[in-house]
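Results of the structural survey
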Amino acid sequence: MTVIEWLVIIILSLLLAVICLIFGYQISFLIPMFHGPVFVPSADDKLATMLSLPKLTKRSKVIDLGSGDGKVLIALAEKFGLQGVGVEINGILVRRSRRNIARAGLTKKLTILKQSFWDIDLSQYDVVFFYGTSYVMRRLEKKVKKEMKKGSQFVSNYFQFPTLKPVKTVNDVRLYRL
Ligand SMILES: C[S@@+](CC[C@H](N)C(=O)[O-])C[C@H]1O[C@@H](n2cnc3c(N)ncnc32)[C@H](O)[C@@H]1O
């Protein structure tokens, strides 16, 4: 190769490195796309419906699959005094939600796990909250049917399972009972 060709390769590589450095952080939110839904927080009116549909007691074990900035969990803890677990794959959102939880003074009640919800065993939870996307619902239904215990509840903001029928639908929020 000529010197000029080498120079072009070096300049292009440097350019690529700079682009990755500048935009790498911004596009990191795309990573979860390959595992599930991207981050959109539940709207306030949907959240109110999500909290109103399931039967909850002080001892209910709740989990939010893809917990985002912690909005659903924080509301559950503030409104019902519940302890809860959030599972979030995006490290930026894990940090943000832990910060939000700390600011709300709820660190003793709420735990955020940084991992994929596909790796979570749902059998120990009484109520599962989810705001996802259509293309994961078939796979998630199989997991829910296999793992969730009899009588437990699944609350889905908007998205429906292909075969399970919701026992209630209000404001496009669906409540399933296993
Ligand atoms: C639509 S947002 C819902 C956020 C929150 N639950 C709410 O209702 O406000 C979906 C979240 O799921 C997360 N997510 C996507 N795939 C995931 C996976 N496989 N495991 C854990 N979290 C995931 C995304 O990063 C995003 O924060």
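What this report covers is the structure whose coordinates are included nearby. What you are looking at is a predicted structure, and each value in this text was computed from that prediction instead of being measured. (Residues numbered from 1 in each chain as written. Predicted model: local features only at pLDDT ≥ 70, side-chain atom pairs only at ≥ 80, totals over all residues. Heavy atoms only, no water.)

1. Topic: the side chain of Asn 90
- The topology assignment puts Asn 90 in the loop between strand S2 (84-88) and helix H4 (91-103).
- Of the polar contacts made by the side chain of Asn 90, one reaches the backbone nitrogen of Ile 92; its length is 2.9 Å. (Helix = DSSP H or I, 4+ residues; strand = E, 2+ residues; numbered from the N terminus. Polar contact = N/O pair within 3.5 Å; in protein donor to acceptor, adjacent residues only side chain to side chain.)

2. Focus: the packing of aromatic side chains
- Within this structure, the stated rule accounts for 8 aromatic pairs.
- Taken together, a centroid distance of 5.0 Å and an interplanar angle of 55° make the contact between Phe 117 and Trp 118 tilted. Summarising the burial analysis for this pair, Phe 117 and Trp 118 share the class buried.
- Taken together through their ring pairs, the aromatic side chains of Phe 117, Trp 118, Phe 130, Phe 154, Phe 161 and Tyr 176 make up a single cluster.
- Of note, Lys 61 hangs over the ring of Tyr 125, and the distance from its end group to the ring centre comes to 5.8 Å.
- Against the face of Tyr 158 rests Arg 174, its NZ or CZ located 5.8 Å from the ring centre. (Phe/Tyr/Trp six-rings, centres within 6.5 Å; stacked < 30°, edge-to-face > 60°. Buried < 20%, exposed > 50% of the residue type's maximum accessible area, 1.4 Å probe, protein only. Lys NZ or Arg CZ within 6 Å of the ring centre and 35° of its normal.)

3. Here we look at unusual backbone geometry
- The phi dihedral of Tyr 158 is positive, around 80°, even though this residue is not glycine.
- Positive phi, close to 65°, is recorded for Asp 172, a residue that is not glycine.
- Considering the arrangement of structural elements, one finds Asp 172 in the loop between strand S6 (168-170) and strand S7 (173-177).
- Overall, the relative accessible area of 37% leaves Asp 172 in the partly exposed class.

4. With respect to the pattern of salt bridges
- Following the criterion strictly, the structure yields 5 salt bridges and no others.
- In this structure, Lys 145 engages Glu 141 in a salt bridge whose closest nitrogen and oxygen atoms are separated by 4.0 Å. Separated by 4 residues within a single helix, Lys 145 and Glu 141 lie in helix H5 (residues 137-147), roughly one turn from each other.
- Note on Glu 141: relative accessible area 5%, which makes it buried.
- Arg 174 is the partner of Asp 172 in a salt bridge, and the nearest nitrogen-oxygen pair spans 3.8 Å. (Salt bridge = Lys/Arg side-chain N within 4 Å of Asp/Glu carboxyl O.)

5. Quick look at the pairing of S7
- In terms of burial, S7 is a largely internal element, 4 of the 5 residues being buried.
- Bridge count for S6 against S7 is 3 bridges, and the pairing is antiparallel. From the neighbouring strand, Lys 168 faces S7, where its bridge partner is Leu 175. (Pairing = 2+ DSSP bridges.)

6. Here we look at H5
- Listed in full, the buried residues belonging to H5 are Met 137, Leu 140, Glu 141, Lys 143 and Val 144. Viewed end-on, H5 has its buried residues packed into an arc of 165°, placing them on one side of the element. Relative to its buried face, H5 has exposed residues pointing more than 90 degrees away, namely Arg 138, Lys 142 and Lys 146.
- The elements touched by buried residues of H5 are strand S1 (62-65), strand S4 (127-130) and strand S5 (153-157). (Arc of directions from axis to C-beta. Contact = heavy atoms within 4.5 Å.)

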